[in-house]
Amino acid sequence: MKRFVLFVTACACVAAVAALARPAAASASWCWPSCGGYGLLGQWTSTYTGCWFSSGEVCSYYNGWFNVGMAKTCYPGCDWNYRTTGVVLYGFENHDRIRGVFTDRAETVYTRPSYLGLSGLTRAQVTWYAGTNQVNAAAIG
Amino acid sequence: MNRRTKLAVALLVVAGATLGGMLVTRGDASRDTATLSNQGGTTIAISGLRMKLATIRAGTVLATRRDRVFYRLTTVSGEQCFGVGVATDVGTPGSVMCQRGFPSSGSPVLDLSVYEGTRHDAKEFSLFRVEGFAADGVAALQFFRPNGDVALTVPVSGNVYSAASPPKGPIAGYAAVDKEGKRVWRSP
């Protein structure tokens, strides 16, 4: 019994240390297609959540977002300068406009609503512009 | 081992080394002659980036243009990134790109310009703000209309470019030009 109590106590201590070491969770988050994988963003892709464009766009819900990040891979291919076959616009949108930065490279990018001159409630978005794009997008608020 | 076998082995070793060298250097910008001569100032702390995939804590200021600050950044894993932010909050870039291919002769421009769309029925975008980075040898950036006309020419200075009030209307791409005005590269 004593050994069991010691084991449980040790487990509790490890769990407490692990919990303290974890970074504080963001107040809100959004990921596409998931928070741990990539999806193909094409001309007909949609999250069907009322994005600025009815197709060729994935977007979050309205929130006071801190930033949006996107990781774009070489799939299905890159040249020697990491230029992919696809082009996307990543950024934010509101009821009046959509704003963002274009990229055709395999890269990791981040941008904030304030950089795009937007404030208040916005939706994080990644919009297809050309070709095939394998991306993971995430926003934190 | 006879002479013919030795020769065959030697040829295989040479071919393997050549192929290995090609694979190792594939995509490596360091073998490219494109450079950024602007090395920036002293290293400063970077904050305000909650980025899981590219943790950045340090960088240098390459230039300040009007109210914008241009950064060369380094992730904790050593990857090179570039960012731009407002001059009233130095050390807090608002937009960051971590791109392995820049600068290179095939990728002499890293454009962080902001585009805006106001139409739902067409993916037509105009410039909201123009800024970015360019390799040595790029004297200016030209932004085109869909019909190919030049809508805006922005000079490059100290490997950065910036324009606060771009003209209205759709933009379909951009090109890098040298000091003679010759196009040396263009976007897709």
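Read on for a plain summary of the structure. (Residues numbered from 1 in each chain as written. Chains lettered and ligands numbered in written order. Predicted model: local features only at pLDDT ≥ 70, side-chain atom pairs only at ≥ 80, totals over all residues. Heavy atoms only, no water.)

### With respect to the nonpolar core
Where we set the bar: Among buried residues, those of type Ala, Val, Leu, Ile, Met, Phe, Trp, Tyr and Cys that are joined through side-chain atoms within 4.5 Å constitute a nonpolar core. Each residue is placed in one exposure class: buried if its accessible area under a 1.4 Å probe, protein chains only, is under 20% of its type's maximum, exposed if it is over 50%, and partly exposed if it falls in between. Note on conventions: DSSP H or I runs of at least 4 residues are helices, E runs of at least 2 residues are strands, and numbering of each starts at the N terminus. Pairs of residues are marked as contacts when any of their non-hydrogen atoms sit within 4.5 Å.
If you look at the biggest cluster of nonpolar residues, it comprises 35 residues, and the most contacted ones within it are Trp-30, Leu-41, Tyr-90 and Val-126 of chain A together with Leu-112 and Phe-133 of chain B. At the level of elements, strand 1 (29-32), strand 4 (67-72), strand 5 (83-93), strand 8 (123-130) and strand 9 (133-140) of chain A together with strand 2 (56-65) and strand 4 (80-86) of chain B are the ones that each hand at least two residues to this core. Residues contacting Leu-41 of chain A, with those up to four places away along its chain left out, are Trp-32, Gly-56, Glu-57, Val-58, Val-88, Val-126, Thr-127, Trp-128, Gly-131, Asn-133 and Val-135 of chain A. In this structure, Tyr-115, Leu-127, Val-156 and Tyr-161 of chain B belong to the second largest nonpolar core, which totals 24 residues.

### A few points about the pattern of salt bridges
Under the convention used in this document: Here a salt bridge means any side-chain nitrogen of Lys or Arg lying within 4 Å of a carboxyl oxygen belonging to Asp or Glu.
On inspection of all chains with the given rule, the structure shows nine salt bridges over all chains. Where Glu-93 of chain A meets Arg-123 of chain A, a salt bridge forms, and the shortest distance between an N and an O atom there is 3.3 Å. Here the residue Glu-93 of chain A occupies a position in strand 5, and Arg-123 of chain A occupies one in strand 8, the gap between them amounting to 30 residues. Take Glu-93 of chain A and Arg-123 of chain A: they sit in the same class, and that class is buried. Across the pair Glu-124 of chain B and Arg-119 of chain B runs a salt bridge whose closest N-O atoms are separated by 3.3 Å.

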